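The chain contents come next:
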Amino acid sequence: LIGVYTNRHGERWELQLKGSGKTPYSRNGDGRAVLRSSVREFLCSEAMHYLGIPTSRAASLVVSDDDVWRDQFYNGNIKKERGAIVLRLAKSWFRIGSLEILAHSGELDLQRRLLDFIIQEHFPSIPMNDSNRYLEFFSTVVSETANLIALWMSVGFAHGVCNTDNFSLLSITIDYGPFGFMDSYDPNFVPNTSDGERRYKIGNQANVGLFNLSKLLQALKPLLDPRQKKLASQILEGYGERYYIRFTELFKTKLGLLGENEDDNYLIAFLLKVSLLC
């Protein structure tokens, strides 16, 4: 993260470099990115934006002179590739993992400060003096995550690595890695060659979203009283219905279906099955 930029429209964007090398917060990797994956992220994040799907954006791509060694297919065949750096933008880069790691290490004061900052900066509809602000925050994230994954499914987008560190607290698409689009409907489609267990197959994205939200709730529980914990669990239970409703709305729009008909859901499922058989 290199800074925050406010444009002439008053919009606040956090600027981040991907592929610029190690930072004090780097883990075991080299912090570099190859040209191949950088071009893919640039193109896909812009495509997703113009498809109307909440996403980070790409501002620039610079080819570097660094040689980067990568095992593209995870088969032990390491090759030298050209490096690149993408300047990407988002309203915020905070993820579920940002709160999860603080709860795990018992840094509750810091977690509370961070959560209050996120709410104040990015959730203006939630009053900071509201004792239920963390509950309202969780409810919003649950609803918007369901909406985001339904939008992914509506265009056949598979993220590829749907862990808690790749799920935005603002419910936008971030961290484009081994993503892919289906050419034809296949619930078992996996764009990630390292995902041998098919954990992140496209047909499992909604379930993985629920799993990640349950991890968010687990991280928030130390900040909630018993009543709020019970209400938060009920909110999480409503995730599936929220996702199903939004998924149905999007596919009915694609098919030009108007009004409500008990056969609509059958028609959607039938057409998806026909696409699978084709």
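This one's a predicted model, so the numbers in the text were calculated from it and none came from an experiment.

So, how was this worked out
Residues numbered from 1 in each chain as written. Predicted model: local features only at pLDDT ≥ 70, side-chain atom pairs only at ≥ 80, totals over all residues. Heavy atoms only, no water. Domains from an automatic or database assignment. Contact = heavy atoms within 4.5 Å. Buried area = accessible area lost by both parts, 1.4 Å probe. Salt bridge = Lys/Arg side-chain N within 4 Å of Asp/Glu carboxyl O. Polar contact = N/O pair within 3.5 Å; in protein donor to acceptor, adjacent residues only side chain to side chain. Helix = DSSP H or I, 4+ residues; strand = E, 2+ residues; numbered from the N terminus. Nonpolar A, V, L, I, M, F, W, Y, C, P; charged D, E, K, R; others polar.

## Here we look at the domain arrangement of the protein chain
Per the domain assignment, the segments making up the protein chain are domain 1 (3-90) and domain 2 (96-254). Spacing between the C-alpha centres of domain 1 and domain 2 amounts to 22 Å. Taken together, the 20 residues of domain 1 in the interface contact 20 residues of domain 2. Where domain 1 abuts domain 2, roughly 1500 Å² becomes buried across the two surfaces, and 60% of that area is made up of carbon and sulfur atoms. Inspection of the domain 1/domain 2 interface yields two salt bridges. Its salt-bridge partner being Arg12, residue Glu121 comes within 3.6 Å of it at the nearest N-O pair. The interface formed by domain 1 and domain 2 holds eight residue pairs in polar contact (both at pLDDT 80 or more) in total. Taken together, the elements giving at least two residues each to the side of domain 1 that touches domain 2 come down to strand 2 (12-18), helix 1 (35-50) and strand 4 (79-90). With five residues, helix 1 is the single largest residue contributor to the side of domain 1 that touches domain 2. Partitioning the side of domain 1 that touches domain 2 into residue classes produces eight nonpolar, five polar and seven charged.

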